[in-house]
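Close look at the chain arrangement
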Amino acid sequence: MRDRVRRRTVDMGWFRHLAVLLILGLTALHAVPARAVSLQAPGSWDGTYQFDGAAGHTAGGSPIIYHYTLSIRRSASAPCCELKLEGYQQNESLRCAISGDRQSIDVAFTTYANGSVLNIYGTAIYRPGEPLFRLAWQKHGGRAELRTTWLALHPDGIPDDGVFFRQAGR
């Protein structure tokens with residue numbers, strides 16, 4: 001019985017070390033500015049964009065980490081997208097719509113992946129058509145950077161505006 005208790009304590013210690021390493025790694029990723037790229041051609045928002053962020057720890061010591069994946073693809077009528085939210089108190093997929101031009105787009109809530117406007121707890125967090133955030137290419141030092149302005153969706157502990165998403169693929 002004592003061996004079982006002692007082993008559990010060792011496992012929790014290992015888990016804490018692993019969690020700290022994960023947080024440090026994500027913090028380092030968040031601290032590195034997103035890769036600057038040339039301005040996009042019209043209609044070229046299609047692709048995958050990712051945001052990995054860390055916002056410290058909860059009062060209980062749990063890490064506050066975020067991993068968002070935005071997938072934009074062209075459909076017959078208009079571009080559409082899916083946003084996966086994973087991390088601190090989140091694990092959901094949203095269907096969204098985009099509007100804008102080659103320099104800037106708003107990503108707006110449509111429904112959750114199951115087609116409902118209510119989350120898994122039966123609560124309407126976002127209204128259909130409500131902008132979640134804005135992505136904009138802006139020149140900075142002769143290069144373009146992808147800036148995010150958080151609107152209805154705003155991760156805790158993250159500034160209102162900054163370089164957060166990075167293009168991960170097409």
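Here the structure is shown first, and the text comes after it.
In this report, we go over the structure that sits alongside the text. No experiment lies behind these values; they were computed from the predicted model shown. (Residues numbered from 1 in each chain as written. Predicted model: local features only at pLDDT ≥ 70, side-chain atom pairs only at ≥ 80, totals over all residues. Heavy atoms only, no water.)

Topic: the overall build of the protein chain
Along the protein chain, the regular secondary structure elements total one helix and nine strands. Along the protein chain, helices and strands appear, N-terminal first, in the series α-β-β-β-β-β-β-β-β-β. By residue count, 34% of the 170 residues in the protein chain fall in the buried class. Sequence separation of at least 24 residues holds for 40% of the intrachain contacts in the protein chain that already meet a minimum separation of 6. (Helix = DSSP H or I, 4+ residues; strand = E, 2+ residues; numbered from the N terminus. Buried < 20%, exposed > 50% of the residue type's maximum accessible area, 1.4 Å probe, protein only. Contact = heavy atoms within 4.5 Å.)

Some points on the nonpolar core
Core analysis: the largest hydrophobic core is formed by 30 residues, its most contacted members being Tyr68, Leu70, Leu83, Phe133, Trp150, Leu153 and Phe165. Of all the elements in the fold, those that place two or more residues in this core are strand E1 (47–57), strand E2 (63–74), strand E3 (79–87), strand E4 (90–100), strand E5 (104–112), strand E6 (131–140) and strand E7 (143–150). Looking at which element gives the most residues to this core, the answer is E2, with five residues. (Core = buried A, V, L, I, M, F, W, Y, C linked by side-chain atoms within 4.5 Å.)

Describing the pairing of E4
Both E4 and E5 contribute to a ladder of seven bridges, which runs antiparallel. Opposite Gly100, over in E5, you have Ile105 as the bridge partner. Counted between consecutive antiparallel strands, the loop separating E4 from E5 contains three residues. (Pairing = 2+ DSSP bridges.)

Structural notes on the side chain of Gln90
Considering the arrangement of structural elements, one finds Gln90 in strand E4. Side chain to side chain, Gln90 and Tyr68 meet in a polar contact 3.0 Å long. Apart from the residues within four sequence positions on either side, Gln90 is in contact with Tyr66, Tyr68, Leu85 and Leu153. (Polar contact = N/O pair within 3.5 Å; in protein donor to acceptor, adjacent residues only side chain to side chain.)

Here we look at the packing of aromatic side chains
Scanning the entire structure with this criterion turns up 15 aromatic pairs. Following the ring pairs from residue to residue traces out a cluster consisting of Phe51, Tyr66, Tyr68, Phe133, Trp150, Phe164 and Phe165. (Phe/Tyr/Trp six-rings, centres within 6.5 Å; stacked < 30°, edge-to-face > 60°.)

Some thoughts on the pattern of salt bridges
Tallying each qualifying case throughout the model produces five salt bridges. Between Asp161 and Arg147 there is a salt bridge; the shortest N-O distance is 2.6 Å. Of this pair, Asp161 sits in strand E8 (residues 161–162) while Arg147 is found in strand E7, placing the two residues 14 residues apart along the sequence. Note on Asp161: relative accessible area 35%, which makes it partly exposed. (Salt bridge = Lys/Arg side-chain N within 4 Å of Asp/Glu carboxyl O.)

Looking at the environment of Thr69
Relative to the helices and strands, Thr69 resides in strand E2. With sequence-adjacent residues up to four places away left out, Thr69 is seen in contact with Thr48, Tyr49, Gln50, Glu82, Leu83 and Lys84. There is a polar contact of 3.2 Å between the side chain of Thr69 and the side chain of His67.

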